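# Residue-level structure breakdown
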Amino acid sequence: MSAAHWRRAMNGQTVRSPRPAAVPRPAVVEVAADPYAHSDAPRWLKSLWSRLSARHVLVLLGVLVYPAVASPFFTYQIGAQSLALGLIALSLTLLGGYGGMVSLAQMSVAGMAGYLVAILGTSTATAISLAWPWWLAVAFAIVLAVVFATLIGWLSVRTEGIYTIMITLAIGVAFFYLAQQNYTLFNGHQGFNQVFAPAVAGVEFRQPVPFYYLTLACALAGYGFVKLLVRAPFGVALQGIRDNPRRMRALGYHVTAHRVATYAAAGLLAAVGGVLITWYNNRISPGSMGIGVMINILVIAVLGGMKHPIGAFIGAIVFVLLQNFAIDLLGTDFRERFNLVIGGVFLLIVLFSPDGLLGLWAKLRSRFGPRSPIANQRRQP
Amino acid sequence: MIASKRRRIWVRSMLGAAAAAALMGSALAQETLKIGLLATLEGPFAVPGQDSMRGADLALKEKNGMAGGKKIEFIKLSSDATPDKAVASTRKAVEQDKVPIMIGPLSGDEGIAVKNYAKTQPGVTFINGSSGAQAATWGDPAPNFYRFNTEGAQWMVGLGEHALGKGYKKVFLVAEDYGFPYSQVQGFMASYCAKGGKVVDKAWVPLGTKDYSSVIARMPKDIDAVLVVLGGSDAVNFLTQYEQAGGNKPMIGGSITVDQTVLNYKGKRRESLLGTASAGPMADSIDTPEWKKFVAEYKAAFKDGFPSPSLFAYLYYINTKAALDALDAVKGDLSNGQKAYREALQKTNFVGPAGPVKIDQNRNGVGTTYITEVTKAADGSFYNKVVKTVPDITQTLGLSEAEFKKMGLGSRDVPDCRK
């Protein structure tokens, strides 16, 4: 039996085993001879439907009506920024939480996408910007940023653990200095100003509410993408590689290729997030992807918890709220010490829950919530 | 997600209600007007940022915390000197705390970003802090962004003639590679080149450069002086390495080059620092009663402050004072889209600690530049002695608007006079 057969057989089992309970007619799944008797979309929809629960609907409704109840400030600076940052942190969750590869260069991938939107699209640096139509600029920016992420992955998968962090940090810092000192392409220290989100069919995506929905759509798509990916054969194998690369290699998996592909998939999320955050700031410069910002992404991912894709967004909301309001919590005499509050909260969260806010939630639920061991077992990361 | 967000909002509003209840007593007595105040309290400019806040606080203290019949409350905000953070903090003050007037930011690129944001908030008046980028008021200005201080290029006007007067006909330039030095170099070169001086070559080095050996090796032998537009430790590093390489040409400095770190330089060439010329919008040794009063007040108010107010404290002081004076002039009336208030701002004309403060039709400061030379004091220490004052410098650096437009804003290659 070839490795490919093995893989198929393995994947088939891992993925389908929980399904019979969820799908109304388990008999259909059992018929291995013709798994495509039904068209793909309805089955996909059905499985989605079976997974939806009340809290999903509630959260979805909540984020949809949020701009109606929140001020433009809360819609744009808190809501949209959290979603865009969350999307970049989500790429790290995919890499780190599911792939076991903590990369600090995710912000560099996002920065690359942002820079490309500015370089290929429009900005105040008319000597450099090529003024392509926005959709072409965005498409090229995302594709090239994914290529960049793949190259980063190709370089760093040869290392493990702390060395991955070091090499991706080195790549990020190198890219920062390249952008800082290159004038022909990256416009040096000043970067690009007035990089605006486009207006499509009369909708000005620069405005707070349309921009919020744009980031929301991208964030939901990113969330769904990760959810699907980690349940797909690819994602299950990825988690196998995270837990025991040697055994997976023995089973016939190409571990390196799998990891590089994960970098590419995470790069796609980071690239979309990077385009959004550039539109959000209306500008990009080396400072937008400096060392501090690179580490912020890691802080967001860790703060929220890396065991579930929602953690990235929860972490981003807490992070953005703290960044904005920590300064208000202190009296006038201590205002300049507000970073102490931010650091203190991060420390408390990590101290009491190594799995971030998600871990805290799980802990609280296991202590106070209803116990149902079977349901818990199904809920694997 | 949304539930946690809502809960936080709920907690915040409860906290807000509690704070409002606590403030009720004083709020009943007199109306409070909130003014946003942004400076860099974190990042590389954290120390200058703190001194900026002192400058603004001093301007408010002089008025006993009142302006236009209202009690003034500063909503202090922080940036880390990146434009992204500056705009985020400004947006919070304007859209969340609902301040009608906003003062800040500190550094050049932040200023341009805040100016761009100001265009989206026509109902709010933005007053600069100490940002000195030309483009914040030139080319594409925002009608509600005011800058009462002069900017980086204006600070160097007159230094070119002064250098020619000292016989420096050919200079070599070493400067940091970003917006502020571009402006400074343009301010120097605009008059220097016009009067026949040559800048034979320019070495743009990244901010924070430690090794200048390649730059020093590039310097031609037949120059008369070196124009050094570096800040703080960069300037000292350059000076040390230039001395070690056997360099002996005199130096001309930018507005933030010849500061205390350079003046306290202990190398063998220490004596050769004497006579180093530089220029700026203020100098520690200004000999006017206004300046002495300002320094005395600063020292009395801030025991933890610097021995003498820094450039940033001075710039925030004049901008805040202009904002408060105009409030007094209209008796706190901000109605009708702040029309009367803005007219009062436009008419601002007072004698500040270092010369008159007024603005042009682009709402950019027209002011005085001080040309200084390093001199030995009686106790052997070095200080910057004012040798010349150049009054009424406009943003076009004394050129006509058409001539200035033709030259364009300063950049790595503009202006140019090699030959």
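Refer to the structure presented above.
An account of the accompanying structure is given in this report. Computed from a predicted structure; not experimentally measured.

Definitions and cut-offs
Residues numbered from 1 in each chain as written. Chains lettered and ligands numbered in written order. Predicted model: local features only at pLDDT ≥ 70, side-chain atom pairs only at ≥ 80, totals over all residues. Core = buried A, V, L, I, M, F, W, Y, C linked by C-beta atoms within 7 Å. Buried ≥ 20, exposed ≤ 12 C-beta atoms within 10 Å, placed from the backbone. Helix = DSSP H or I, 4+ residues; strand = E, 2+ residues; numbered from the N terminus. Domains from an automatic or database assignment. Contact = placed C-beta atoms within 7 Å. Axes fitted to C-alpha atoms, helices over the stretch in contact; angles between N-to-C directions. Parallel < 35°, antiparallel > 145°, perpendicular 65-115°, else oblique. Left-handed = near helix turned anticlockwise from the far one by under 90°. Nonpolar A, V, L, I, M, F, W, Y, C, P; charged D, E, K, R; others polar. Pairing = 2+ DSSP bridges. Expected span 1.5 Å × (residues − 1).

## A look at the nonpolar core
Formed by 215 residues in total, the largest nonpolar core has its most connected members in Ala113, Ala141, Ala145 and Ala271 of chain A. Top element by residues in this core is helix α6 (residues 72-98) of chain A. It accounts for 15 residues. When we break this core down by domain, the ones giving at least three residues each are domain 1 (27-150 + 288-363) and domain 2 (154-280 + 368-407) of chain B. Contact partners of Ala113 of chain A, with chain neighbours within four places excluded, come to Ala141, Ile142, Ala145, Ala271, Gly274 and Val275 of chain A.

## Overview of the packing of helix α7 (residues 106-120) of chain A against helix α9 (residues 162-181) of chain A
All names here are of chain A. Their axes nearest at 9 Å, the elements α7 and α9 cross at an angle of 30°. Considering the angle they form, α7 stands roughly parallel to α9. Two packed elements cross with a definite hand, and for α7 against α9 that hand is left-handed. Seen from α7, the contacting residues are Met107, Ser108 and Tyr115; seen from α9, they are Ile171, Gly172, Phe175 and Ala179. When the residues that make up the contact of α7 with α9 are grouped by side-chain class, the tally is five nonpolar, two polar and no charged.

## Some remarks on the environment of Gly344 of chain A
On the secondary structure map, Gly344 of chain A appears in helix α16 (residues 338-352). With 148 residues separating them in the primary sequence, Gly344 of chain A and Phe196 of chain A have C-alpha atoms 36 Å apart.

## Brief notes about the sheet that holds strand β5 (residues 125-127) of chain B
Residue and element names in this part refer to chain B. With mixed pairing, six strands are arranged side by side in an open sheet as β2-β3-β1-β4-β5-β6. With partners counted over all chains shown, the strands left at the sheet margins are β2 (66-67) and β6 (145-146), one partner each. Of the pairings in the sheet, the one linking strand β4 (residues 101-103) to β5 comprises three bridges and is parallel in character. When the sheet's bridge partners are listed, Ile103 is paired in β5 with Ile127. In the packing of helix α11 (residues 311-329) onto the sheet, contacts are made with β2, β3 (70-78), β4 and β5, and the angle to β4 comes to roughly 160°.

## Examining helix α10 (residues 208-231) of chain A
When the terminal C-alpha atoms of α10 of chain A are compared, their 34 Å separation across 24 residues agrees well with the 34 Å that a helix rising 1.5 Å per residue should span. By the burial criterion, the buried members of α10 of chain A are Phe211, Tyr212, Tyr213, Leu214, Thr215, Ala219, Gly222, Val226 and Val230 of chain A.

## Some points on the packing of α11 of chain B against helix α12 (residues 335-346) of chain B
Residues and elements named next belong to chain B. The interhelical angle for the contact between α11 and α12, taken along N-to-C directions, is 125°, at an axis separation of 9 Å. Taken together, α11 and α12 sit at an angle that is classed as oblique. Handedness of the crossing formed by α11 with α12: right-handed. The segment α11 lies against α12, with Ala322, Ala326 and Ala329 engaging Tyr341, Ala344 and Leu345. Residues of the contact of α11 with α12, tallied by class, amount to six nonpolar, no polar and no charged.

Fair warning: the whole summary comes from geometry, so function is off the table for now.
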